[in-house]
Amino acid sequence: MQSESRKTVGTATLIELQQMASERKLFLQKVISVRHWTNGLFSFCIERPEGFRFRSGEFVMIGLKDGTKPLLRAYSIVSPNWEEHLEFFSVKVPEGPLTSRLQHLQVGDHLFLSKKPTGTLVIDALKPGKRLFMVGTGTGLAPFLSVLRDLETHEKFEEIVITHTVRQEQELAYRRFLETEIHDDEVFGDLLRDRFTYYPTVTREEFKNKGRITDRIRRGAFAEDLGLVGNRFNAETARVMVCGSLAFNSDMASMLNEHGLVEGSNAAPGGFVVERAFVG
Ligand code: A2P
């Protein structure tokens with residue numbers, strides 16, 4: 001039987017990986033679970049290093065050994081900042097340098113993790129408001145799952161809405177969690193009752209909310225479904241986080257600008273914040 005230190009991880013031994021991690025000032029963390037949603041989407045959890053702090057909604061670099069160097073990509077952390085492990089949500093791109101390998105992760109494998117999480121999809125980058133809308137496509141849902149489970153979010157906002165737009169219904173990862181499981185949670189069940197709306201939309205097959213979220217907002221269907229007054233975001237009370245593809249982010253940002261909201265950042269909090277979802 002191989003000893004732990006001789007066990008191969010991909011093509012590298014654990015000792016080689018540890019050496020590379022320490023040279024590059026990276027953590028090397030063990031994979032503790034993997035969940036495949038579809039042929040193109042999966043999630044995984046790694047152990048959280050002691051002393052690794054982040055703000056809910058931030059992203060971090062993670063990756064694998066690629067020849068003589070680490071191959072790292074930005075990933076939003078799905079876990080809230082109090083969670084013991086770190087969860088990530090990823091696409092599987094057959095030709096993607098990292099995800100083509102990452103999709104074969106097994107429990108017990110090891111991943112590099114950078115030491116400095118960062119990002120703008122954080123509550124601190126938004127001015128105080130009443131309703132928080134988190135609007136995303138594909139894996140852009142990831143940071144919202146973190147922000148939703150941070151108590152600070154609930155201290156700052158009276159209502160929270162998460163929208164998730166995907167091509168096909170089966171790509172609505174975390175749907176059961178957002179529709180049911182979180183409502184049964186000891187802490188969040190009570191906290192979210194009557195204050196949280198999960199609003200999935202599907203663009204390429206029949207679904208109760210069919211179409212791009214941007215179109216549904218413009219047409220007034222979103223406001224109608226949520227019982228909101230008017231089909232514009234209220235610049236005084238609405239705060240928005242946007243996370244998806246470049247095209248989606250820029251469409252949403254233009255629309256929000258038209259509605260009178262100003263983009264914020266860590267240095268200058270505003271009405272909305274934008275970040276690009278990891279694309280492979
Ligand atoms: P659509 O099917 O109409 O392209 P992708 O898989 O390409 O990243 O897209 C994920 C989801 O985001 C799809 O449902 C897609 O809708 C939607 N989407 C892509 N671009 C935009 C955009 N500019 N505005 C709104 N939704 C978008």
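Predicted, not measured: the structure shown is a model, and the values here were computed from it.

### Concerning the overall build of the protein chain
In step 1: Along the protein chain, the regular secondary structure elements total 9 helices and 13 strands.
In step 2: Relative to the globule expectation of 19 Å for 280 residues, the C-alpha radius of gyration of the protein chain, 19 Å, shows essentially globular dimensions.
In step 3: Each of the three principal axes of the protein chain carries a C-alpha extent, and together these read 65 × 40 × 35 Å.
In step 4: Per-residue burial over the protein chain gives 52% buried out of 280 residues.
In step 5: In the protein chain, 70% of the contacts between residues at least 6 apart in sequence involve partners at least 24 apart.
In step 6: When the accessible surface of the protein chain is split by element, carbon and sulfur atoms take 47% of a total near 13500 Å².
In step 7: Measuring between centres, the 36 positive side-chain charges of the protein chain sit 5 Å from its 37 negative side-chain charges.

### Quick notes on the site of the ligand
In step 1: In the vicinity of the ligand, the residues found are Thr 137, Thr 165, Val 166, Arg 167, Thr 203, Arg 204, Arg 212, Thr 214, Ala 247, Phe 248 and Asp 251.
In step 2: Separating an oxygen atom of the ligand from a side-chain N or O atom of Arg 167 is a distance of 2.8 Å.
In step 3: With respect to the ligand, the side chain of Asp 251 contributes an N or O atom lying 3.0 Å from a nitrogen atom.
In step 4: For the ligand, the protein covers 78% of the area, taking 550 Å² as the surface of the free molecule.
In step 5: Of all the secondary-structure elements, those providing two or more residues to the shell around the ligand are β10 (159-166) and α9 (246-258).
In step 6: Among the elements that take part in the shell around the ligand, α9 stands out by supplying 3 residues, more than any other.
In step 7: Residues that form the shell around the ligand fall into these classes: 3 nonpolar, 4 polar and 4 charged.

### Let's talk about the sheet that holds strand β13 (residues 272-276)
In step 1: Judged by pairing direction, the sheet is parallel, and its 5 strands sit side by side in the order β11-β10-β9-β12-β13 without closing on themselves. Across the chains shown, the open sheet's two edge strands, defined by having one partner strand only, are β11 (196-202) and β13. Taking the axes of each pair of neighbouring strands and ignoring which way they run, one obtains an average angle of 10 degrees across the sheet.
In step 2: Summarising the sheet, β10 and β11 pair through 7 bridges and their orientation is parallel. Pairing of Ile 162 across the sheet is with Tyr 198, part of β11.
In step 3: Each of β10 and β11 is contacted by helix α5 (residues 175-184), which is oriented at about 160 degrees to β11, the strand it contacts most.
In step 4: Contacts between α9 and the sheet are confined to β9 (131-137), β12 (238-244) and β13, with β12 contributing the most and set at about 160 degrees to the helix.

### Looking at the pairing of strand β6 (residues 69-76)
Each regular strand carries side chains that alternate between the two faces of the sheet.
In step 1: Two strands pair when backbone bridges link them, and strand β5 (residues 59-66) and β6 are joined in this way by 8 bridges, in the antiparallel orientation. Following the sheet pairing, Asp 66 is matched in β6 by Lys 69.
In step 2: Taking the residues that link successive antiparallel strands as the turn, the β5-β6 hairpin has 2 residues, and the phi of Gly 67 there is positive, at about 65 degrees.

### Here we look at the state of the cysteines
In step 1: The final tally for this structure, using the stated rule, is 0 disulfides.
In step 2: Not engaged in a disulfide, the cysteine Cys 45 finds its nearest cysteine sulfur in Cys 243; these two sulfurs lie 18 Å apart.
In step 3: A residue is classified by how much of its surface remains accessible, and Cys 45, at 8% relative accessible area, is buried.

What counts and what doesn't
- Residues numbered from 1 in each chain as written.
- Predicted model: local features only at pLDDT ≥ 70, side-chain atom pairs only at ≥ 80, totals over all residues.
- Heavy atoms only, no water.
- Helix = DSSP H or I, 4+ residues; strand = E, 2+ residues; numbered from the N terminus.
- Rg over C-alpha atoms; globule rule 2.2 N^0.38 Å.
- Buried < 20%, exposed > 50% of the residue type's maximum accessible area, 1.4 Å probe, protein only.
- Contact = heavy atoms within 4.5 Å.
- Areas by Shrake-Rupley, 256 points an atom, 1.4 Å probe, with all protein chains shown as cover.
- Lys, Arg positive; Asp, Glu negative; His and termini not counted.
- Charge placed at Lys NZ, Arg CZ, Asp CG, Glu CD.
- Near = heavy atom within 4 Å.
- Polar contact = N/O pair within 3.5 Å; in protein donor to acceptor, adjacent residues only side chain to side chain.
- Nonpolar A, V, L, I, M, F, W, Y, C, P; charged D, E, K, R; others polar.
- Pairing = 2+ DSSP bridges.
- Axes fitted to C-alpha atoms, helices over the stretch in contact; angles between N-to-C directions.
- Disulfide = S-S within 2.5 Å.

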